[in-house]
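Fold and contact review
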Amino acid sequence: MAETIDSVLVVFNPGSTGDADARSRALRDELAAARPELSVELRPTEYAGHARVIAREVAAGPGRPLIVSASGDGGYNEVVNGIVDVPGTGAAAAVLAAGNANDHERVTARRPLVEAILDGRTERMDLLELCLGDAAPQYAHSYIGFGLTPVVALQIEEGGKGTLREVLSTVRSFWAFTPFEIEFSTGDRKRVDHLVLANIGEMAKVAELSEDSRPDDGRFEVVLLEHRPKWMQVAIAVKAALRGLGRQPATSEFRFTSCGPMPVQVDGEVSDVAAGTEVRVRCAAGALSVVR
């Protein structure tokens, strides 16, 4: 029988350009009206990375708390990593969509969050474990992207969010982008435009990466697009948005070495990978307890 949660903590960024603050308070009020005996606390973050610290502290405590991230995919990633920092924790996670793309919530939610919390039962979900060389692993709830994915994300951050600006930023990214090269353990090298390792089947609000992806099947999809002319890149992006890319190969582990420096995007947050870095992505099956 599934365990049930016994308290709720909602983590939010009070300085967010979205409505995280208002949505957090609305969730608290709905839960209080439906179940007054359930402890619900709101906790604002104070700096970048604070959500992970908060989640880690709560996950290390007693009971079976539910830690809700009122955020987009990046804020939820912090909460997920904070929970995973505590082996054997009884804490579970959930996301209250209050960001830009909200890919994870849109794809995985089965019912309104209030209904899922009142039900209280948890289930297990896979995570993607990313290891870059000897660095400590980091975890993704939805996807890890190399190539165009992080480049587009950086352009959007510089150009601003909002439909028209996002479109213009994406177009600029396509035409300015140069492919990157990776090497496999066999010695084979590939020039790649786009590599996404996905735990969910959609990203960037509209793009369908795989028609049969599930976040609880012990595998992740590998969407690898080798280098091709610009017009073909655009055609593939349009296909992903309109019809989806169809079924993609799935695996439980994917390894390569970066031949040059390149950016990586983990659940919306972008960082850099140095040349010559060994990259390993593994499916951490059932690593996270969630309500959805």
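Residues numbered from 1 in each chain as written. Predicted model: local features only at pLDDT ≥ 70, side-chain atom pairs only at ≥ 80, totals over all residues. Heavy atoms only, no water.

Observations regarding the overall build of the chain
Across its full length, the chain carries 8 helices and 17 strands. For the chain, buried positions account for 47% of its 292 residues. As displayed, the chain has an accessible area near 13700 Å², and 50% of this comes from carbon and sulfur atoms. (Helix = DSSP H or I, 4+ residues; strand = E, 2+ residues; numbered from the N terminus. Buried < 20%, exposed > 50% of the residue type's maximum accessible area, 1.4 Å probe, protein only. Areas by Shrake-Rupley, 256 points an atom, 1.4 Å probe, with all protein chains shown as cover.)

Focus: helix H1 (residues 20-34)
Between its first and last C-alpha atoms H1 spans 21 Å; for 15 residues at 1.5 Å apiece the expected length is 21 Å, and the two agree. All of the buried residues along H1 are Ala20, Ser24, Leu27 and Leu31. For H1, the arc enclosing every buried residue in end-on projection is 65°, short of the 170-degree limit, so these residues lie on one face. Along its buried surface, H1 packs onto strand S1 (7-12), strand S2 (39-44), strand S3 (65-71), strand S4 (92-97) and helix H5 (113-119). (Expected span 1.5 Å × (residues − 1). Arc of directions from axis to C-beta. Contact = heavy atoms within 4.5 Å.)

Concerning the pairing of strand S12 (residues 220-226)
Counting buried positions along S12 gives 5 out of 7 residues, so the element sits mostly inside the fold. Pairing of strand S9 (residues 189-198) with S12, which is carried by 6 bridges, proceeds in the antiparallel orientation. Bridge pairing in S12 links histidine 194 to leucine 225. (Pairing = 2+ DSSP bridges.)

A few points about the environment of arginine 28
By the element assignment, arginine 28 lies in helix H1. The class of arginine 28 is partly exposed, set by a relative accessible area of 29%. On a C-alpha basis, the gap between arginine 28 and valine 40 in space is 6.3 Å, while along the polypeptide they are 12 residues apart. Beyond its immediate sequence surroundings of up to four residues, arginine 28 is in contact with Val40 and Leu42.

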